[in-house]
Amino acid sequence: MKKIIISTIAVSALLFTATSCKTDFDTDVKDIPVTKGDADFSKYISLGNSLTSGYRDNALYSSGQNESYPSMIAMQMKLAGGGEFKQPLMPNDVGGFIGLPGFSGKLTLQVVNGSLSPVPSAPAAVLDILPNGGSYQNMGVPGAKSYHLVAPGYGSQAGLLTGTANPYFVRFASSPTTSVLADAMAQKATFFSLWIGNNDVLSYATNGGTNSQTTGGVTTYTPATVQTGNTNVTTYKSNDISDPAVVAGSIKAVLDGLKSVGTTKGVIANIPYVTSVPYFTTVPYNPLTPAALGANLATLNTSLYGPLKQALTAFGAGDRINLLSTTDPNPVLIKDVALQDLSAQLTAALAPSLGLPTATVFGQIFGQARQATSEDYILLSTSSVISTTAPNVPAPVNIYGISYPLQNQHVLTKTEAAYVKTATDAYNASIKSLADSYGLAFVDANKKMVELNSQSGIAFDGVRYTAKFVTGGAFSLDGVHLTGRGYGIVANEFIKSINAKYRSTLPQVEANKYSGVKFP
């Protein structure tokens, strides 16, 4: 397998499929006079993370920010007395920060070896500190988890060195000691939106349930922790799953803080299942076709898969490995850290036929190996790893996904996916409860994303959107964040909920007029 590419067939087709159904947003009020109802939109602020900021294509850049869903909502609010809505715009249309590792520019589609492929751009600017800090109405901070919104010092430039601050908030924080919540409270808004909690599970999922550490140019991966029962966030590592009580408590703290300054009306959204986005649904678990494996298929069965299955069967674990099919697509080989480690047993069983040194290597490599199933999620980033050579591993057991297992960081296993779903369900139960108890409008973003991920997708003004990577129209090139059109779909969900709760008649946005994936 090569990196994800977009075929010429897909490029020649329309990005979106026209449909006879005009729209799935059946509560639009565009033919009704615009009114504010029981709400006051004169000063609207939005709090959240990357989804709120307009982040897309793996970067925050100015044209993407101008198509953020809060910006779209604010434009509709202006029709009902809404005021100015300022965003902390990046200084360019590429994104990224020079000198800050991990903050590259946006992904763009480029022709690579005759096919289209997402390619990261070089970062375009140094970290810039914006004037009038604390006075921006879009307070979405890419990378923020729920508890980061209430953390003092999250906008401290000095804190970047210790990992306690966020460069995106550093840009527009009112002071090094403030918090996102404190700056929001200072604005004394009349209406707010809040969408937070995604990153409390997303970073775990997109990293295959691992944390990483790089020392001397060498990166090592260890299993991330499901922190249920631990409310001390100072002990969390970056990709751990947050305790549900932490998420609920942080959101409550935000709502209480806003309420204390008179900001009592607003809208809050729940958390989508991360496994409904293209980052987890694009690469199949079984991409190894007989044609792709070619003559190697028989050799693999004879020299690797057959002996492994025989040995594992003797230990009651024969279901981990099956012979490769000569007619059907085959699953990739993965490491599953939730499995009993049979390294010692495999070494002992294979030593008579392979010799102790080789058997030891086999035992270490395949002690927790199994073939993937439809319940596992192969990460989008792993598409460029499958079939490549694993470093420092002897041939012929060194081809990722085929003769060498994809590692923990490459796959969200069914066990890890269950942890993510359990946490998400707990977060969402609390979010709905808080929305009810504080009398807020509620957006079931999870339901909408599941609908978008369905085969039929979502229709708007004769255009159908799905969660299919690139050609579905709703998701950007990073497979997690939305396009302008995708954010338009989200904006309409917020507007529908606001209208229903506050008896306003804000018109929905024209999602089709915003940008999608750009082709070269």
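Residues numbered from 1 in each chain as written. Predicted model: local features only at pLDDT ≥ 70, side-chain atom pairs only at ≥ 80, totals over all residues. Heavy atoms only, no water.

Participant: Hey, could you run me through the pairing of strand E9 (residues 266-269) in this one?
Facilitator: Both faces of the sheet carry side chains from a regular strand, because those side chains alternate between them. Here E9 shows no split at all, with Gly266 and Ile268 on one side and Val267 and Ala269 on the other all buried. Bridging between strand E6 (residues 191-195) and E9 involves three bridges; their strand directions are parallel. Of the residues in E9, the one forming a bridge with phenylalanine 192 is glycine 266. The pairing of E9 with strand E14 (residues 441-443) spans three bridges and is parallel. Bridge assignment links isoleucine 268 to a residue of E14, and that residue is phenylalanine 442. (Buried < 20%, exposed > 50% of the residue type's maximum accessible area, 1.4 Å probe, protein only. Helix = DSSP H or I, 4+ residues; strand = E, 2+ residues; numbered from the N terminus. Pairing = 2+ DSSP bridges.)

Participant: I keep staring at the packing of helix H11 (residues 296-314) against helix H12 (residues 343-354) and nothing clicks. Help me out?
Facilitator: Each pair of packed helices can be summarised by the angle the axes make with each other and by the distance between the axes. The N-to-C vectors of H11 and H12 enclose an angle of 120°; their axes lie 10 Å apart at closest approach. Here H12 runs oblique to H11, going by the angle between their axes. Classified by chirality, the crossing of H12 by H11 is right-handed. Between H11 and H12, the contacting residues are Pro307, Leu308, Ala311 and Leu312 on the first element and Leu346, Ala349 and Leu350 on the second. For the contact of H11 with H12, a count of residues per class yields seven nonpolar, no polar and no charged. (Axes fitted to C-alpha atoms, helices over the stretch in contact; angles between N-to-C directions. Parallel < 35°, antiparallel > 145°, perpendicular 65-115°, else oblique. Left-handed = near helix turned anticlockwise from the far one by under 90°. Contact = heavy atoms within 4.5 Å. Nonpolar A, V, L, I, M, F, W, Y, C, P; charged D, E, K, R; others polar.)

Participant: What exactly am I supposed to notice about the side chain of asparagine 138 here?
Facilitator: One can find asparagine 138 in strand E5 (residues 138-140). Here serine 46 takes part through its side chain, which lies 3.5 Å from a polar atom of the side chain of asparagine 138. With near-sequence residues (within four places) excluded, asparagine 138 lies in contact with Ser46, Thr52, Ser53, Ser68, Pro70, Phe85, Lys86, Gln87, Pro88 and Phe172. (Polar contact = N/O pair within 3.5 Å; in protein donor to acceptor, adjacent residues only side chain to side chain.)

Participant: Teacher, can you tell me more about unusual backbone geometry here?
Facilitator: Glycine aside, residues mostly have negative phi, and peptide bonds are mostly found in the trans state. The linkage connecting alanine 395 with the following residue, proline 396, adopts the cis geometry, with an omega of 5°. Here proline 396 lies in the loop between strand E12 (377-378) and strand E13 (411-412). One non-glycine residue, asparagine 58, lies in the positive phi region at around 65°. Despite not being glycine, asparagine 113 shows a phi value in the positive range, around 55°.

Participant: In this structure, what is going on with the environment of serine 156? I would like to understand it.
Facilitator: If you trace the backbone, serine 156 turns up in the loop between E5 and helix H5 (167-172). Residues serine 156 and alanine 173, 17 residues apart in the sequence, show an inter-C-alpha distance of 8.0 Å. Beyond its immediate stretch of four places on either side in the chain, serine 156 contacts Ala165, Val170 and Pro176.

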